Amino acid sequence: VISFPDVAGSDVRYAALLDGSSLDFGDAEVVLYDVRGYGTVKGSAVTLAGDIHPGGEGAVGTITFASAPVIAEGAKLVSEFDGISGDRLEIAGGDFSLGDLALDFRMLGNARGMGSTTLVSASTGAITGEFTSIVKSPRRAERTTITYGENKTVLVFRQGTVIRIR
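Since the structure is predicted, the reported quantities are computational estimates derived from the model, not experimental observations.

Calculation criteria
- Residues numbered from 1 in each chain as written.
- Predicted model: local features only at pLDDT ≥ 70, side-chain atom pairs only at ≥ 80, totals over all residues.
- Heavy atoms only, no water.
- Helix = DSSP H or I, 4+ residues; strand = E, 2+ residues; numbered from the N terminus.
- Polar contact = N/O pair within 3.5 Å; in protein donor to acceptor, adjacent residues only side chain to side chain.
- Contact = heavy atoms within 4.5 Å.
- Core = buried A, V, L, I, M, F, W, Y, C linked by side-chain atoms within 4.5 Å.
- Buried < 20%, exposed > 50% of the residue type's maximum accessible area, 1.4 Å probe, protein only.
- Lys, Arg positive; Asp, Glu negative; His and termini not counted.
- Salt bridge = Lys/Arg side-chain N within 4 Å of Asp/Glu carboxyl O.
- Phe/Tyr/Trp six-rings, centres within 6.5 Å; stacked < 30°, edge-to-face > 60°.
- Pairing = 2+ DSSP bridges.

Caption draft 1: Molecular detail of the side chain of Ser-121. Residue position: Ser-121 is located in strand S12 (residues 116-122). Reaching out from Ser-121, the side chain makes a polar contact with the side chain of Arg-88 at a distance of 3.3 Å. Dropping the residues within four chain positions of it, Ser-121 is found in contact with Arg-88, Leu-89, Glu-90, Ile-91, Ile-127, Asn-151 and Lys-152.

Caption draft 2: Main features of the nonpolar core. Core analysis: the largest hydrophobic core is formed by 37 residues, its most contacted members being Leu-32, Phe-105, Val-120 and Phe-131. With residues up to four places along the chain from it excluded, the contact list for Phe-131 reads Leu-77, Leu-98, Leu-101, Ala-102, Leu-103, Leu-119, Val-120, Ile-146, Tyr-148 and Thr-153.

Caption draft 3: Structural view of the side chain of Asp-87. Relative to the elements of secondary structure, Asp-87 occurs in the loop between strand S8 (76-81) and strand S9 (88-91). Although Asp-87 is buried, it makes no salt bridge; Arg-106 carries the closest opposite charge, 8.0 Å away. Among the polar contacts made by the side chain of Asp-87, one reaches the main-chain amide nitrogen of Gly-61 at a distance of 2.8 Å. Those residues in contact with Asp-87 that lie beyond four places of it in its chain are His-53, Pro-54, Gly-55, Ala-59, Val-60, Gly-61, Val-78, Ser-79, Glu-80, Thr-118 and Leu-119.

Caption draft 4: Representation of the packing of aromatic side chains in the model. Evaluated as defined, the whole model comprises three aromatic pairs. Look at Phe-81 and Phe-157: their rings are 4.8 Å apart centre to centre, the planes differ by 45°, and that puts the pair in the tilted class. Of the two residues, Phe-81 is situated in strand S8 and Phe-157 in strand S16 (residues 152-157); the sequence distance between them amounts to 76 residues. There is no split in this pair, since Phe-81 and Phe-157 are both buried.

Caption draft 5: Highlighting the environment of Gly-37. With respect to the element layout, Gly-37 can be found in strand S4 (residues 29-42). For Gly-37 and Gly-61, which are 24 residues apart along the polypeptide, the C-alpha to C-alpha distance reads 6.6 Å. Beyond its immediate sequence surroundings of up to four residues, Gly-37 is in contact with Leu-17, His-53, Pro-54, Gly-55, Gly-56, Thr-62 and Ile-63.

Caption draft 6: Inspection of the pairing of S12 at higher detail. With six of seven residues buried, S12 lies mostly within the body of the structure. Of the strand pairs in this sheet, S9 and S12 are connected by three bridges, and their pairing is parallel. Paired with Glu-90 across the strands is Ser-121, a residue of S12. Of the pairings in the sheet, the one linking S12 to S16 comprises five bridges and is antiparallel in character. Counterpart to Thr-117 in the pairing with S16 is Leu-155.

Caption draft 7: Spatial organisation of the pattern of salt bridges. All chains considered together, the criterion is met by six salt bridges. Note that Lys-76 and Asp-51 form a salt bridge whose closest N and O atoms lie 3.8 Å from each other. Residue Lys-76 is found in strand S8, and its partner Asp-51 is found in strand S5 (residues 45-54); the two are separated by 25 residues along the sequence. Residue class for Lys-76 comes out partly exposed when judged on its relative accessible area of 28%.

Here you go:
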């Protein structure tokens, strides 16, 4: 656990969670602009204002917030899917509002989706709101829909058969 109790009123430009590590900001008011990796962020006054990228570029992972963070305008969840599982934002405590959060969903490599993958979940509270905007890539990712539930937001892969005749 890495503790940052004296960063009150500070902006953290980049936070990397490595190998399931934890960042503990205590009661300090902190604005995070870029969070990547997998692990836990602890703090009672955390605001997300940039990219939240569980797993990091090209990898799947989960970032857990011990307390629900506040979402500022311009915040974006970058979620990747590798064909088996997808990135997840987990809220361990409190109600969470998607607020101003945008979604950038990416399917890695030649991944094909079946079923669904959870994008955001809350283990003890509710999730309210919807993503402000949604970008899906590559083109095959466009065949997905978002389902908003009381305690999780899920991306569902629509199935179908495509027959191409020349």
